[in-house]
Amino acid sequence: MKKSLSLIGILLLSSILIACHDVSDDEVEETLSVEWNAAAKHVIISVPNLNGAEYINIFRKNSDDDEYNIGEIIPKKTSRISFIFYDELAANTKDGYTYRARYRLNDNYKYTSWSKAVIVSDSDFASEPSPVLAQSGTKEVILNYKTETSNLVLENGSIDIQPELLSAAEGGTCTQDFAGDYAVVLALKTESDAILVGMGTEKGKSVNEGKERPMVSILPLEYLEKELSVIGVLYQRVEPIYVDDDEEEGIEYTTVHWSTKTKIGLMVDDETAKNFTVKRPGTDESSYSYTVPVESERAVLALDF
């Protein structure tokens, strides 16, 4: 259960702060319309618009009952009856996927029922894509938190973009419009909240060994002085949808697309760890020397893990 604190805006990564308080789950009468488009190679999901929704999450479930939050719709003021969301990372499946939506409405979550099953064939993906951990030696790729500098360092290899998400010019095999548009992001969580932070690389680029992320500069203040555990790394793509497909008319809604996650190990000062804590600079509140978080490098993951 989570409570929305603020909607900062649509940037390179979506920036919605979610906390866990006083939220109840309920079901709405609306259902999703789903269809596999073999030519475009994505599942078309028609999502009813409920007035007042702050955001809408889209969940996918496979035949093994594995359920994933695959994205988010962030509406602007609109009179649309429904939104269109494309599951562009759906993999071939004989048993089909089902989908449902979760609406954030007046401090509550409301769900649609699960859709009918849709069979995916001739997809570009044999399995759902997720970030690739490429070892540079014999040791596993890990994140190492350095308490002295408050930096999170990628060690023992890189985090790569799958070729199926890159264009031929980028060394990949993707022929879709989203080729090269996915970036690697890191999912972290406290006991009650989950957040995505950027890995400091451009879209379509690997995160190279030795990459350092200054966590004091990236994390919102609410995440300092709290134990953080690593959920994993995943791909993210953000796409604004314009009124009448005209950029000059402004954004009507934004879609955020997420892949499934890849787990990655954590160390703190070269020792294996389950969590880490980013300390506030300074010795007391009057001397805290905060660095303003870089909004374009972080986003909150509105997920229940």
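Here the structure is a predicted model, which is why all the values come from computation and not from measurement.

Student: I'd love a proper account of unusual backbone geometry, names of residues and values included.
Tutor: The phi angle at K41 is positive, at roughly 60°, despite the residue not being glycine. Position of K41 relative to the elements: it lies in the loop between β4 (33-37) and β5 (42-48). Given the relative accessible area of 27%, K41 is considered partly exposed. For D122, which is not glycine, the phi dihedral falls at a positive 60°. As for its placement among the helices and strands, D122 is situated in the loop between β11 (118-120) and β12 (132-135).

Student: Now, about the packing of aromatic side chains: what can you tell me, with residues and values included?
Tutor: Per the stated rule, a full pass over the model turns up five aromatic pairs. In this structure, R104 is placed above the aromatic ring of Y109, and the distance from its NZ or CZ to the ring centre is 5.3 Å.

Student: Residues and numbers for the pattern of salt bridges, please.
Tutor: Evaluated as defined, the whole model comprises twelve salt bridges. One salt bridge connects D87 with R60, and the closest N-O pair in it is separated by 2.9 Å. Separated by 27 residues along the polypeptide, D87 in strand β8 (residues 82-87) and R60 in strand β6 (residues 56-61) bring together distant segments of the chain. This pair shows no difference in class: D87 is buried, exactly as R60 is. In this structure, K146 and E155 form a salt bridge, with 3.9 Å as the shortest nitrogen-oxygen distance.

Student: Mind laying out the side chain of H42, listing which residues take part and the relevant values?
Tutor: Structurally, the position occupied by H42 is in strand β5. In contact with H42, not counting residues within four places along its chain, are E35, W36, N37, Y86, D87 and E88.

Student: I'd like a rundown of the sheet that holds strand β18 (residues 212-214), residues and numbers included.
Tutor: Through backbone hydrogen bonds, the strands of a sheet pair up, either in parallel or in antiparallel fashion. Strands sit in the order β18-β14-β13-β21-β22 across an open sheet of five strands; the sheet is mixed. A strand with exactly one partner marks an edge of an open sheet, and here the two such strands are β18 and β22 (271-272). Pairing geometry for strand β13 (residues 142-146) and strand β14 (residues 151-155), over five bridges, is antiparallel. Residue pairing across strands places L143 opposite L154, the latter belonging to β14.

Student: Which residues make up the environment of E191, and what values do they have?
Tutor: Relative to the assigned elements, E191 resides in the loop between β16 (183-189) and β17 (194-198). For the pair E191 and L228, spaced 37 residues apart in the sequence, the C-alpha separation amounts to 8.1 Å.

Student: Which residues make up the sheet that holds β5, and what values do they have?
Tutor: Reading across from one edge, β4-β5-β8 is the order of the three strands in this open sheet, with antiparallel pairing throughout. Edge positions in the sheet fall to β4 and β8, since each has one partner strand and no second. With direction set aside, neighbouring strand axes in the sheet form an average angle of 20°. Relative to β8, β5 runs antiparallel, the two being bridged by six bridges. From the neighbouring strand, I45 faces β8, where its bridge partner is F85.

The rules behind these values
Residues numbered from 1 in each chain as written. Predicted model: local features only at pLDDT ≥ 70, side-chain atom pairs only at ≥ 80, totals over all residues. Heavy atoms only, no water. Helix = DSSP H or I, 4+ residues; strand = E, 2+ residues; numbered from the N terminus. Buried < 20%, exposed > 50% of the residue type's maximum accessible area, 1.4 Å probe, protein only. Phe/Tyr/Trp six-rings, centres within 6.5 Å; stacked < 30°, edge-to-face > 60°. Lys NZ or Arg CZ within 6 Å of the ring centre and 35° of its normal. Salt bridge = Lys/Arg side-chain N within 4 Å of Asp/Glu carboxyl O. Contact = heavy atoms within 4.5 Å. Pairing = 2+ DSSP bridges. Axes fitted to C-alpha atoms, helices over the stretch in contact; angles between N-to-C directions.

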